[in-house]
Amino acid sequence: MSWTPADIPDLTGRTAVVTGANGGLGLETATALATAGADVVLAARDQPKTERAVDAIRRAVPHARLEVVSLDLGSLASVRAAASSILEGRAGIDILVNNAGLMGIPERTTADGFEMQFGVNHLGHFVLTARLLPAVERANGRVVSVTSTAHHIGRRIDPANPHLNGQYGAWRAYGQSKLANYHFAVGLHRRLRGAGAGAASLLAHPGLSNTELQAHSVAETGGGTSQRFFQWLAATTGMTPARGALPQLRAATDPRARSGEFYAPRFVNNGAPVRRPVLRRLGLSRSIDVLWEVSERETGETFDVVALVAQPAS
């Protein structure tokens, strides 16, 4: 039988943090977690849009326990402030879904000078996860990183040019960022196991889902040909946001899911959420190490998993 939101266990008393929770897959994820009883933190940049998302969730789930935290993944100052706000008054975090992202946009930089897609899709989440990991460990919780089938076209990070200066392409940058999500999730899993941690790191991708991500990509590029093609493809053959969110929801909540596992649609870009094999093993360890080194160097954030999971509650 296919896995559905009805299979989510009772999450009463659990805390879940969802980035980009004000639309698309993030909103569907936050709604499903709230329906199951979780206290849900909606971490997102556009605050008026986030308040509309809160209203939408409350209409569907009148008893929802929600909190809004401002999070701009394109600013490390905002990421660190958001992490502090999320941690305030909380001993543990049961679920962290690193969902937010950008796709196929023109070359731009973050507030810290990073290539925008790598900065938002990976580096911002890298710092957020590092800051929240001690609380996730205290709850024996899960970190779910959301990648894309575009990780197959991605190249591993070049330490000499992680921001693709002089070599930028919208889809090259997107593929790089989504492969970084993939390497980060697998690398975090390995480091958690090496530290004897109770926390888990899982990976998910939504397949081809008809969300506002495609429309945003088209708007950002002024109607780029490839961006318009993917918008059309998603509109005509893609899954609804509710179905597209199922792999990350299963990774976040299925009691049988284990650290290091990867959940995705059965038929690559469509279908029920199932466990898929972790591929691209050739050179995987080196790629993970390079990503970790570059991420720490660029952000100035030390992500020492052994030290973080041993950190006592403040």
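Scroll up a little and you will see the structure.
Residues numbered from 1 in each chain as written. Predicted model: local features only at pLDDT ≥ 70, side-chain atom pairs only at ≥ 80, totals over all residues. Heavy atoms only, no water.

## Some words on the sheet that holds strand S3 (residues 65–70)
So, point 1. Strand order in the open sheet made by the eight strands is S3-S2-S1-S4-S5-S6-S7-S8, with mixed pairing throughout. The sheet is open, and its two edges are formed by S3 and strand S8 (273–276), each paired on a single side. The average angle at which neighbouring strand axes cross in this sheet is 20°, direction not considered.
So, point 2. Bridge analysis of strand S1 (residues 15–19) against strand S2 (residues 39–44) gives five bridges, and the strand direction is parallel. Across the sheet, residue Ala16 finds its bridge partner in S2, namely Val40.
So, point 3. Together, strand S4 (95–98), strand S5 (142–146), strand S6 (200–204) and strand S7 (262–265) form the strand contacts of helix H5 (residues 170–194), whose direction differs from that of S6 by roughly 155°.
So, point 4. Sheet strands in contact with helix H9 (residues 246–253) are S4, S5, S6, S7 and S8, and its direction is about 160° off that of S5. (Pairing = 2+ DSSP bridges. Helix = DSSP H or I, 4+ residues; strand = E, 2+ residues; numbered from the N terminus. Axes fitted to C-alpha atoms, helices over the stretch in contact; angles between N-to-C directions. Contact = heavy atoms within 4.5 Å.)

## Some thoughts on unusual backbone geometry
So, point 1. At Asn140, a position not held by glycine, the phi torsion is positive, near 50°.
So, point 2. When you line up the elements, Asn140 lands in the loop between helix H4 (116–138) and S5.
So, point 3. Overall, the relative accessible area of 52% leaves Asn140 in the exposed class.
So, point 4. Notably, Leu164 is not glycine yet its phi reads approximately 60°, a positive angle.
So, point 5. If you trace the backbone, Leu164 turns up in the loop between S5 and H5. (Buried < 20%, exposed > 50% of the residue type's maximum accessible area, 1.4 Å probe, protein only.)

## Things to note about the pairing of S2
So, point 1. Across the six residues of S2, six count as buried, placing the element largely inside the fold.
So, point 2. The side-chain alternation of S2 yields two buried faces, one formed by Asp39, Val41 and Ala43 and the other by Val40, Leu42 and Ala44.
So, point 3. Note: S2 against S3, six bridges, orientation parallel. Among the inter-strand pairings, Leu42 is bridged to a residue of S3, identified as Val68.
So, point 4. Viewed along the sheet, the connection from S2 through helix H2 (residues 47–60) into S3 turns out right-handed. (Right-handed = clockwise from strand over helix to strand, strands pointing away.)

## So, the pattern of salt bridges
So, point 1. This structure, assessed with the given rule, holds nine salt bridges.
So, point 2. Linking Glu67 and Arg90 is a salt bridge whose minimum nitrogen-to-oxygen distance equals 2.5 Å. Remark: Arg90 occurs in the loop between helix H3 (76–87) and S4 and Glu67 occurs in strand S3; sequence separation between them is 23 residues.
So, point 3. By relative accessible area, Glu67 is classed as partly exposed at 27%.
So, point 4. Across the pair Arg250 and Asp254 runs a salt bridge, and its minimum N-O distance is 2.9 Å.
So, point 5. Since its relative accessible area comes to 14%, Arg250 is described here as buried.
So, point 6. Of the residues examined, Asp254 reaches a relative accessible area of 2% and is grouped as buried.
So, point 7. Salt bridges linked by common partners bring Arg80, Arg131 and Glu301 together as one network. (Salt bridge = Lys/Arg side-chain N within 4 Å of Asp/Glu carboxyl O.)

## Focus: H4
Because an α-helix completes one turn every 3.6 residues, residues spaced three or four positions apart along the sequence face the same direction.
So, point 1. Over its 23 residues, H4 extends 32 Å from the first C-alpha to the last, a length consistent with the 33 Å expected when each residue adds 1.5 Å.
So, point 2. Along its length, H4 reaches its greatest deviation from straightness, about 50°, at Leu132, and the proline Pro134 lies no more than four positions downstream.
So, point 3. Across the 23 residues that make up H4, a large majority, 21, are buried.
So, point 4. The backbone nitrogen of Gln117 lies 2.8 Å from a side-chain oxygen of the residue at the head of H4, namely Glu115.
So, point 5. Just downstream of H4, Asn140 is the residue with a positive phi angle, here 50°. (Expected span 1.5 Å × (residues − 1). Bend = angle between axes of the 7 residues up to and from the residue. Polar contact = N/O pair within 3.5 Å; in protein donor to acceptor, adjacent residues only side chain to side chain.)

## Some words on the layout of surface pockets
So, point 1. As a volume, the second largest pocket reaches approximately 270 Å³.
So, point 2. Counting residues per element, the ones that place at least two in the lining of the second largest pocket are S6 and H9.
So, point 3. For the lining of the second largest pocket, the per-class residue count stands at nine nonpolar, five polar and six charged. (1 Å grid on protein atoms, 1.4 Å probe; cavity = no way out; pocket = protein on both sides within 12 Å on 5 of 7 lines; lining within 4 Å. Points joined across faces, edges and corners; volume = space filled by probe spheres on them. Nonpolar A, V, L, I, M, F, W, Y, C, P; charged D, E, K, R; others polar.)

## A look at the packing of aromatic side chains
So, point 1. The tally for this structure, following the rule as stated, stands at eight aromatic pairs.
So, point 2. Both rings, one in Trp292 and one in Phe303, keep their centres 5.1 Å apart while their planes meet at 55°; by these two values the pair is tilted. Taken together, the residues span a long stretch of sequence, with Trp292 in helix H10 (residues 284–299) and Phe303 in the loop between H10 and helix H11 (305–309) at a distance of eleven residues. Of the two residues, Trp292 and Phe303, both sit in the buried class. (Phe/Tyr/Trp six-rings, centres within 6.5 Å; stacked < 30°, edge-to-face > 60°.)

## Focus on H5
So, point 1. The end-to-end C-alpha distance of H5 is 36 Å, a good match for the 36 Å that 25 residues give at a rise of 1.5 Å each.
So, point 2. Summarising burial for H5: 19 of the 25 residues are buried, a large majority.
So, point 3. Count one or two residues on from H5 and you reach Gly196, which has phi positive near 65°.

## Some details on the packing of H4 against H5
Each packed pair of helices is defined by two parameters, the angle between the axes and the distance between the axes.
So, point 1. Viewed as axis vectors pointing N to C, H4 and H5 meet at an angle of 20°, and their least axial separation amounts to 7 Å. When the interaxial angle is binned, H4 and H5 end up roughly parallel. Crossing handedness for the pair H4 and H5: right-handed. Residues Gln117, Phe118, Asn121, His122, Phe126, Thr129 and Leu133 of H4 touch H5, and the partners they reach there are Ala170, Ala173, Tyr174, Gln176, Ser177, Lys178, Ala180, Asn181, Phe184, Leu188 and Leu192.
So, point 2. Residue classes in the contact of H4 with H5 are distributed as ten nonpolar, seven polar and one charged. (Parallel < 35°, antiparallel > 145°, perpendicular 65-115°, else oblique. Left-handed = near helix turned anticlockwise from the far one by under 90°.)

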